[in-house]
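# Results of the structural survey
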Amino acid sequence: MALLEVKGIAKSFDGAEIIRATSFAVEPGDIVAFTSPSGSGKSTLLSMAGLLLTPDSGQILVDGGVDALSLDDKALSRLRQRLFGFVFQSTQLVGSLRAIENVTAPAGFAGKLDFDPVERAKELLVQFGLEERLYHYPAQLSVGQKRRVAVARALLLNPQIVIADEPTNDLDEESANTVADALFAYAAQGHALLYATHDAALAARAKTLMVMKDKAFVSAS
Amino acid sequence: MKQLIMHSLKMHKVQSASIAVSVALSVMILVTFGLVYGGVMQGVQKSEEQGGADVMAIPKDALQYIGDTELLYTGAPAAVYMPAEVVDKIGGAEGVVRVSPQFFGQTLNSGCCSTTGETRLIGIDTTTDFVVSGLAGADQVAALGDHGVIVGSAVGGVFNNTIKIYNEEYQVVGTMAETGTEFDSSIVADIDVVRSISRNMEGYEHYWEKHGDPSGLVSCVMLDLDDDNFDAALTSANAKINLSGVASPLVRSQIVDKSRAQLKSVFLLLLVAACLMAVVALLQLFARFFSSVWDRKSELALYRAIGASKADLRKLIAGEMGVLVGCGIVVGIILGFVAQTALLGVLRDGLSFPYVALGPAQSFALELAVVIVFVLVSALSIIWPLRQIGRLDPSTAMQQGDID
Ligand SMILES: Nc1ncnc2c1ncn2[C@@H]1O[C@H](COP(=O)(O)OP(=O)(O)OP(=O)(O)O)[C@@H](O)[C@H]1O
Ligand SMILES: [Mg+2]
């Protein structure tokens, strides 16, 4: 059963076509990479797949057939929360929150959890080598450290699908590997990973590679 | 969510504090105003219901020393005297149902007597009295004798039903109903008892030199008029009083109207102040939450992306406001009760009026009303900011840079 089924989604901004009908499906354990030139629409596609942006046309089915685009705001928000963890292209940490508070932020909207979010946040940050940085503010962290905090935040609620938009961008090789390894390790636990990247080596680690052809993403194989 | 609310409050400490303070201040003004206004209105109503004298005849020159509202509402504050014959002269007036003289004695304090605070001594003519009878009961007045007193509702220092005045013990035979005036801290005795206490009073000799022996003097004459023919009765009573040559009339209804009018302007001012404060608080709330949503657009959009629904974010903003307004209201209500005493003091400095403090149920109703007003005001001020939240686009998290 597909976790997520994207069927012919397309998007234009101000009359300019950015994404032409694109389809793909995501099963548990899938690792899908998206590559294309800068400004061609990777972030836009991931936004639509992650239910952050409504496509102009097409369908997005979740949970083996539920039409996600017909849900109301509340149901859509709950779905987004349960299904997806996002690592944004610019880390999007809240500057006034400490590292650990940034990681636990999603729990603030998740209702009752069957685990302690603070404990889980600590675990993740320690796992990513940030045990010395739990209470630092984003401004006190390096780019690589911030990216790891962002990954920890994405994983906090154990989402079924992680969507990472150029997660290793701007990082040196070592940091890039730490972040990528964390994401791949999470996917290996039966979750799915969708990511956009310019890095050929990183793209090569995906099970499925999607490339842009005539403004639509298609499987490279 | 709670954590995020507290975080946002902490982030805007100064602003939050200033909003809570201005909410507290306007709540305080409204509560103070309501308490005092309610107390005064209750007092005025009570003093009307209790009736008493329709007209008071007082020594002609008394108004030089003391205001009319003061005379009406403060019982017997002054040593003013006129010959007792005036009672008979006035009594014959057409439409005057009852006439009864009073004799104002000195102000007692703990230096001389067992009483606490300033207590006034008033002598009444037990055979004709209708004012104290109305407040304490006719039987009690009849039981006064020459060693009995009737005390006002606020008189302290009664032990074993007796009270000590200049080393003399008096039996308390009755207590007057609360009037909301200084009458509540007065002690009433037979007119001749008060006269003889005053006769030997140190410092009062010059009064007796001027007016004659106290036994032939009264301080005022209380008149009860025929209600069915009030206007005619009032005209003839006024004429008789003026004709007596020694007295002037104080008409109760006119004084009540006058003091109402005075109080009205004071209260109008207070009400305007309270409304202005409420408007300021509203604008502040609006500005705060409007700019808060605007400044935090990226942060709120991010929260949308990581699972917050629009309703969640509205709760976040409304919760933040709830904390501010809630704190302000609680503090304001407490301050309001404290300020009530202060405002009463200021008002009493310039004006005389009866005052009967609101009971717990009425105070509660007042607080409830203020709370409702402020909840509505804050709800109003937050409508627009909350609507802004509906326009936040979660996909901006994917596109834009860092969040400060
Ligand atoms: N909200 C928007 N309104 C208008 N145009 C937009 C919007 N979002 C994206 N675009 C445009 O859509 C195009 C694709 O943008 P997108 O961010 O998806 O590209 P990308 O492949 O992620 O680029 P990069 O590799 O640089 O991150 C760009 O031309 C961008 O300007
Ligand atoms: Mg991009």
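This text follows the structure it describes.
This section reports on the structure supplied with the text. Quantities reported herein were computed from a predicted structural model and do not represent experimental measurements.

A few words on the overall build of chain B. When you go through chain B residue by residue, the secondary structure sums to 15 helices and 11 strands. Scaling as 2.2 N^0.38, a compact globule of 404 residues should have a C-alpha radius of gyration of about 22 Å, whereas chain B reaches 31 Å, well beyond that. Dimensions of chain B along its principal axes, counting C-alpha atoms only, are 100 × 50 × 35 Å. Burial statistics for chain B: of 404 residues in total, 52% are counted as buried. Taking contacts inside chain B between residues at least 6 apart in sequence as the whole, the part at least 24 apart equals 79%. Approximately 17,900 Å² of chain B is accessible, and the part contributed by carbon and sulfur atoms is 59%. Distance between charge centroids for chain B: 17 Å, based on 27 positive and 40 negative side chains.

Donor atoms from the polypeptide that coordinate the magnesium ion (ligand 2) comprise Ser43(A) (OG) and Gln89(A) (OE1), at 1.9 to 2.3 Å from the metal. Here Ser43(A), found in helix α1 (residues 42–49), pairs with Gln89(A), found in the loop between β6 (84–87) and α3 (99–104); they are 46 residues apart in sequence, far enough to count as distant.

This part is about the interface of chain A and chain B. Taken together, the 32 residues of chain A in the interface contact 29 residues of chain B. Of the roughly 2,500 Å² buried between chain A and chain B on both sides combined, carbon and sulfur atoms contribute 58%. When the buried area of chain A at its contact with chain B is split by residue, Leu52(A), Gln92(A) and Phe109(A) rank highest and sum to 26% of it. There are 2 salt bridges connecting chain A and chain B. The interface formed by chain A and chain B includes 7 residue pairs in polar contact (both at pLDDT 80 or more). No other element matches the 6 residues that helix α2 (residues 73–83) of chain A contributes to the side of chain A that touches chain B.

Here we come to the packing of aromatic side chains. All names here are of chain B. A complete count under the given rule lists 17 aromatic pairs over all chains for this structure. Chaining the aromatic ring pairs together yields one cluster made of Tyr81, Phe103, Tyr204, Tyr207 and Trp208. Seen from the ring of Phe289, Arg288 lies directly overhead, with NZ or CZ sitting 5.2 Å from the centre.

A word on the layout of surface pockets. Computed from the structure, the largest pocket encloses a volume of approximately 400 Å³. Lining the largest pocket we find 20 residues, and of these Leu97(A), Glu101(A), Thr104(A), Gln3(B) and Leu4(B) sit closest to its centre. Sorting the residues of the lining of the largest pocket by element identifies α3 and α4 (117–127) of chain A together with α1 (2–11) of chain B as the ones contributing at least two each. Top element by residues in the lining of the largest pocket is α1(B). It accounts for 5 residues. Of the residues that constitute the lining of the largest pocket, the class distribution is 11 nonpolar, 6 polar and 3 charged.

What follows deals with helix α6 (residues 173–188) of chain A. Since there are 3.6 residues in each turn of an α-helix, residues three or four apart along the chain are aligned in direction. Residues and elements named next belong to chain A. An ideal rise of 1.5 Å per residue puts 22 Å on 16 residues; α6 measures up with 22 Å between its terminal C-alpha atoms. For α6, the complete set of buried residues consists of Ser175, Ala176, Val179, Ala180, Ala182, Leu183, Phe184, Tyr186 and Ala187. Sitting at the head of α6, Asp172 places a side-chain oxygen 2.9 Å from the backbone nitrogen of Glu174. Just past α6, the residue Gly190 takes up positive phi, approximately 95 degrees.

With that settled, consider the packing of helix α2 (residues 13–49) of chain B against helix α11 (residues 252–295) of chain B. All names here are of chain B. Viewed as axis vectors pointing N to C, α2 and α11 meet at an angle of 160 degrees, and their least axial separation amounts to 9 Å. When the axes of α2 and α11 are compared, the pair comes out roughly antiparallel. Crossing angle aside, the handedness with which α2 passes α11 is left-handed. Partitioned by chemical class, the residues of the contact of α2 with α11 number 20 nonpolar, 8 polar and 4 charged.

As a further point, take the pairing of strand β2 (residues 16–26) of chain A. Regular strands place side chains that alternate from one sheet face to the opposite one. All names here are of chain A. Bridge count for strand β1 (residues 4–13) against β2 is 7 bridges, and the pairing is antiparallel. Note on β2: the bridge partner recorded for Val6 is Phe24. Between β1 and β2, which pair antiparallel one after the other, the connecting turn spans 2 residues, and Asp14 there sits at a positive phi close to 50 degrees.

Conventions used here
- Residues numbered from 1 in each chain as written.
- Chains lettered and ligands numbered in written order.
- Predicted model: local features only at pLDDT ≥ 70, side-chain atom pairs only at ≥ 80, totals over all residues.
- Heavy atoms only, no water.
- Helix = DSSP H or I, 4+ residues; strand = E, 2+ residues; numbered from the N terminus.
- Rg over C-alpha atoms; globule rule 2.2 N^0.38 Å.
- Buried < 20%, exposed > 50% of the residue type's maximum accessible area, 1.4 Å probe, protein only.
- Contact = heavy atoms within 4.5 Å.
- Areas by Shrake-Rupley, 256 points an atom, 1.4 Å probe, with all protein chains shown as cover.
- Lys, Arg positive; Asp, Glu negative; His and termini not counted.
- Charge placed at Lys NZ, Arg CZ, Asp CG, Glu CD.
- Donors = N, O, S within 2.8 Å, 3.2 Å for Na, K, Ca; no water.
- Buried area = accessible area lost by both parts, 1.4 Å probe.
- Salt bridge = Lys/Arg side-chain N within 4 Å of Asp/Glu carboxyl O.
- Polar contact = N/O pair within 3.5 Å; in protein donor to acceptor, adjacent residues only side chain to side chain.
- Phe/Tyr/Trp six-rings, centres within 6.5 Å; stacked < 30°, edge-to-face > 60°.
- Lys NZ or Arg CZ within 6 Å of the ring centre and 35° of its normal.
- 1 Å grid on protein atoms, 1.4 Å probe; cavity = no way out; pocket = protein on both sides within 12 Å on 5 of 7 lines; lining within 4 Å.
- Points joined across faces, edges and corners; volume = space filled by probe spheres on them.
- Nonpolar A, V, L, I, M, F, W, Y, C, P; charged D, E, K, R; others polar.
- Expected span 1.5 Å × (residues − 1).
- Axes fitted to C-alpha atoms, helices over the stretch in contact; angles between N-to-C directions.
- Parallel < 35°, antiparallel > 145°, perpendicular 65-115°, else oblique.
- Left-handed = near helix turned anticlockwise from the far one by under 90°.
- Pairing = 2+ DSSP bridges.

Take it as geometry only, folks, not as evidence of what the structure does.
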